[in-house]
Each structure stands twice: as C-alpha cells, then as structure tokens.
Amino acid sequence: MEISRSAGFQLAEIWDVKVIHPFPHFYLGKGKVEEIKVYLQKNPDIHGVIIDTEISPSQQKNLEKAFHVKVYTKIALIHRIFAARARSSEGKIKVEVASLEYELSRLTGKGIEMSRLGGGIGTRGPGEQKIETERRRIKQKISQLKRELTKVNQHREVQKSLRIKRNLPIVAIVGYTNAGKSTLLNSLTCAHAYVEDRLFATLDPTARKAFLPGIGSVIFTDTVGFIREMPETLIDAFRATLDEINDADCLLEVLDASDPNYLEHHKVISQILQDMAISCRPKIIVFNKIDVVNPVPIVSRDWFDDYPVVMISAEKKIGLESLIEMISKILRNNRESLSFTVSYQNFPKIEKEIYQHGFIENIEYRNDGMVEVRCSISREATGRIRQLSFSS
C-alpha cells in the first residue's frame, strides 16, 4: 500500500487474493476478474488497477482489456517512484536504464499491435515487425545512456579514490526505505541531506564529513533504501552505488522502531548485504523513531547475530551520544596513538598531514623551539607520519 501511495495513487479498494496456481490468461481466476470488473463499472472515476506481484505482459494486456483501465505491476510502480525521486544526473540515468531494461524484457506478449508489420524511416524494411523496431530502439537508447553513465562514474571514482587516499574512516548508513537514514545523516553531521517521509526519498548517495571525539574526521555516507523483492533491474542499476559500502569501516543498519515488520526488514537488509559479500562488516543495529513508539521495543542481540543495538530518535536527537560512542569504539580498532617531537618550523606541514588521517590529542610547545605532539591516526598513516617527524 505504501508503494502505491508513494507512486501517487490513492487506493479506493483492496482485494486480498491468494493465487496458488496462477491462471495463464489473467493470472487471476475468472471469478475474481469479473468481480473487479463489476466494481470498476460502478466506479468510473477509478482509472487504474495495481497488482502486487509480477505478471506476464500478455496477462497484463488481458487484464487491461477486461477492466478497460491501465494495470500496473509492483515493479512498474517502483520504477515509477525511482524515476520521480532521482535528482542527480547519475541517479536519473541509472533509473532510466533500469526502466528501459524492464520494458525490454516485457516486449514479447504485449499484444497484436507490437507484431504488426512496420515500414518507413527507422525500420530495416517493410517486413520488419514493430516489436523488432521497438527492441532495437530501446537497446540503442540503453547503449547511449550507459556511455553517459561511464563518464559520470569516472568522476565519482575520482572522488572515491581521494577519500580512500586520505585514509578517513567511512561509516555507511544502510537500511529499509523510509527508516530515517537521511535524518540520521543530518543529525550526525549537521548536514542538510534531502529528507522526506516517503519511500525512496534518497536515491543518490550522499557523503558528509564529521568530527568524532577520539577518532577525528569521519565520512558518513547515506545509501538508497532497501525493499523486499527489489527489482533486479534496479539492483543492477544501483550496484555501483551500493558497492561503496565495501569501503566502509562500519555499517549503521537503521530500522524503524515504529514499524511492526522491522524483523522482516532486517532479514531483507541482511540478505542484500550477504548477496553483495559484505555481511561480515562491523555493524551497529540502530532502532530509529523511538520518540513515536510507546513502549520502546525490547529486542535481543541474539536476533541480530550479536551486533550491538542502540535506540535513538534521529529527528529528536535522542540517544545519539550512545551511538557515537559505539561508532568510535569500532573505529578505534583501526587507530594508533603516536608521540613524537618536531621543530616548530616544520610542525605546520606535519599538522596538516595528521588532520588528514586523524587528530591531535595533546600538544606542548617547548622553550627550545621544539613541539611535543601526541596524535591518534589511522594505522595506514603511521609510517608516513613517523617518516615526516624523523626528517624534521
């Protein structure tokens, strides 16, 4: 229902139909088709029917012919939502490619009009079928979009390599759609990422930098929301974006505490992460929106493979101190405390390098022109900092 509303539809009636053995012609049984047809005739202001499953193109065409209204599948609605939510050029291209690939997979069986003989400009001859012309047009468009996407991805890879080169810890925020990931990103980083209470409000990855006590600068990234039965075309389209999770030092799995299906959502998230071969990453289970539930749910770590669990309200900024403390504890496993003495003249160069990989814990200026420094930095950067301090 939430997907339908997010796609801009207002539901007038819901039929709960159990189809054990789908019928070839309509998918639904003839009796149910007739029942819905009669309802639509009595309510001429209804202009569409949504079926919460995937049916064949021919079944969809047959239902539309019987109902005299447009029939939408769940996957078609999700594509529609993604198309409306994408804001960056990368996101728009990926959604269009996914939609075209979905359309391409459903050309066969769309009806007799797709198999009429075609002729004229854009066809290979008077004997070419319309479906072949349409298939070639879609493939050409997909190839063009993928060439554009390659250029956009090259720019993103440059930005990604710069982040990795600086050795800044990366914390990726993942979770079911509409769980409050963008709100959490804003609360942790004092940023202004796009936030709205609807499905798939965030499609484009957002990265923000924040300072954590005991750690230093940290990159927080927001990702596209997960959903049960995510269309394969969209998973493929956003795989490059989701693959950035592979670079994360810690995952924050955000669950909506006010949603009674949070355990099912956790299973969906875990399965997607497992499919991406990143299920063993350090992770914190974050129950969000505790300000709108009473009582706050009592959960067991046993349900979540012994990952630490924290209760927060990202919007009201409740429990963020505990969450930050947990994040810092995980990230400290890759930190090292380093002490050295350097001349005052050479200190600015080393100071700049330190703040690229950590932060200064203590500093003392001596009367002899030397500076005593104790810093906390990533293990990967200790060799370079030592080398700079020795040469100074």
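None of these values were measured; they are calculated from a predicted model.

Draft legend 1. Representation of the pattern of salt bridges within the structure. One pass over the structure, following the stated rule, counts twelve salt bridges. For Glu64, the salt bridge is made with Lys70, and the minimal N-O distance between the two is 3.6 Å. With a relative accessible area of 16%, Glu64 lands in the buried category. Measuring nitrogen to oxygen at the nearest pair gives 3.0 Å for the salt bridge that ties Lys283 to Glu253.

Draft legend 2. Spatial organisation of the sheet that holds strand 13 (residues 370-378). As summarised here, the arrangement of the three strands in space is 11-13-12, forming an open sheet in which the pairing is antiparallel. Strands at the two margins of the open sheet, each flanked by one partner only, are strand 11 (335-343) and strand 12 (358-365). Mean inter-strand twist for the sheet, computed between neighbouring axes without regard to direction, equals 20°. Across seven bridges, the pairing between strand 12 and strand 13 is antiparallel.

Draft legend 3. How the structure looks around the packing of aromatic side chains. Taken as a whole and assessed by the stated rule, the structure comprises seven aromatic pairs. When the ring of Trp15 is compared with that of Tyr39, the centres are 5.1 Å apart and the planes differ by 85°; the resulting orientation is edge-to-face. Here Trp15 is found in the loop between helix 1 (2-6) and helix 2 (30-42), whereas its partner Tyr39 is found in helix 2, with 24 residues between them in sequence. One aromatic cluster is present, formed by Tyr262, Phe287, Trp303 and Phe304 through successive ring pairs.

Draft legend 4. Here's a closer look at helix 12 (residues 347-357). Considered for burial, the residues of helix 12 that qualify are Phe347, Ile350, Glu353, Ile354 and His357. Taken down its axis, helix 12 places every buried residue within 130° of arc, on the same side. In helix 12, those exposed residues whose orientation departs by more than 90 degrees from the buried face are Lys349 and Lys352.

Draft legend 5. Looking closely at the environment of Ile318. Mapped onto the elements of the fold, Ile318 is located in the loop between strand 10 (309-311) and helix 11 (320-331). Separated by 29 residues in sequence, Ile318 and Lys289 have C-alpha atoms that sit 9.2 Å apart. Not counting residues within four places of it along the chain, the set of residues in contact with Ile318 comprises Ile290, Asp291, Met311, Ile312 and Ser313.

Draft legend 6. Local environment of the packing of helix 7 (residues 181-189) against helix 11. Look at helix 7 against helix 11: their axes get within 12 Å of each other, and the N-to-C directions meet at 80°. Our classification of the angle between helix 7 and helix 11 gives roughly perpendicular. Each of Leu184, Ser187 and Leu188 in helix 7 lies in contact with helix 11, whose residues at this interface are Leu320, Leu323 and Ile324. Counted by class, the contact of helix 7 with helix 11 contains five nonpolar, one polar and no charged residues.

Draft legend 7. Geometry of the side chain of Asn62. Along the polypeptide, Asn62 turns up in helix 3 (residues 57-67). A polar contact is formed between the side chain of Asn62 and the backbone oxygen of His25, at a distance of 2.8 Å. Beyond its immediate sequence surroundings of up to four residues, Asn62 is in contact with His25 and Phe26.

Draft legend 8. Expanded view of the packing of helix 2 against helix 3. Put simply, helix 2 and helix 3 touch, their axes get as near as 9 Å, and they point 45° apart. Regarding the angle of helix 2 to helix 3, the classification is oblique. Facing Val33, Ile36, Lys37 and Leu40 of helix 2, the residues of helix 3 in contact are Leu63, Ala66 and Phe67.

Draft legend 9. The arrangement of the nonpolar core in detail. In this structure, Ile245, Leu255, Ile285 and Phe287 are the most contacted members of the largest nonpolar core, which totals 25 residues. Sorting the residues of this core by element identifies strand 5 (170-175), strand 8 (250-256), helix 10 (262-275) and strand 9 (283-288) as the ones contributing at least two each. Leave out the neighbours within four places in its chain, and Phe287 touches Leu255, Ala257, Tyr262, Val299, Phe304, Val309, Val310, Met311 and Ile312. In terms of nonpolar packing, the next biggest core, distinct from the first, is built from 24 residues, Leu188, Leu212, Val310 and Ile327 among them.

Draft legend 10. Molecular detail of helix 11. Along its twelve residues, helix 11 runs 16 Å from first to last C-alpha, staying within 8% of the 16 Å computed at 1.5 Å per residue. Regarding helix 11, the residues found buried are Leu320, Leu323, Ile327, Ser328, Ile330 and Leu331. For helix 11, the angular spread of the buried residues around the axis is 160°, confining them to a single face. Turned more than 90 degrees away from the buried face of helix 11, the exposed residues are Glu321, Glu325 and Lys329.

Draft legend 11. The arrangement of the sheet that holds strand 10 in detail. One open sheet holds the six strands; their spatial order is 6-7-5-8-9-10, and the pairing between them is mixed. At either end of the open sheet lies a strand with only one pairing partner, and these are strand 6 (206-212) and strand 10. Sheet twist, expressed as the mean angle between neighbouring strand axes with direction ignored, is 25°. Pairing of strand 5 with strand 7 (residues 216-222) involves four bridges; the strand directions are parallel. Each bridged residue has a counterpart across the sheet, and for Ile173 the counterpart in strand 7 is Asp222.

Quick notes on the rules
Residues numbered from 1 in each chain as written. Predicted model: local features only at pLDDT ≥ 70, side-chain atom pairs only at ≥ 80, totals over all residues. Heavy atoms only, no water. Salt bridge = Lys/Arg side-chain N within 4 Å of Asp/Glu carboxyl O. Buried < 20%, exposed > 50% of the residue type's maximum accessible area, 1.4 Å probe, protein only. Pairing = 2+ DSSP bridges. Helix = DSSP H or I, 4+ residues; strand = E, 2+ residues; numbered from the N terminus. Axes fitted to C-alpha atoms, helices over the stretch in contact; angles between N-to-C directions. Phe/Tyr/Trp six-rings, centres within 6.5 Å; stacked < 30°, edge-to-face > 60°. Arc of directions from axis to C-beta. Contact = heavy atoms within 4.5 Å. Parallel < 35°, antiparallel > 145°, perpendicular 65-115°, else oblique. Nonpolar A, V, L, I, M, F, W, Y, C, P; charged D, E, K, R; others polar. Polar contact = N/O pair within 3.5 Å; in protein donor to acceptor, adjacent residues only side chain to side chain. Core = buried A, V, L, I, M, F, W, Y, C linked by side-chain atoms within 4.5 Å. Expected span 1.5 Å × (residues − 1).

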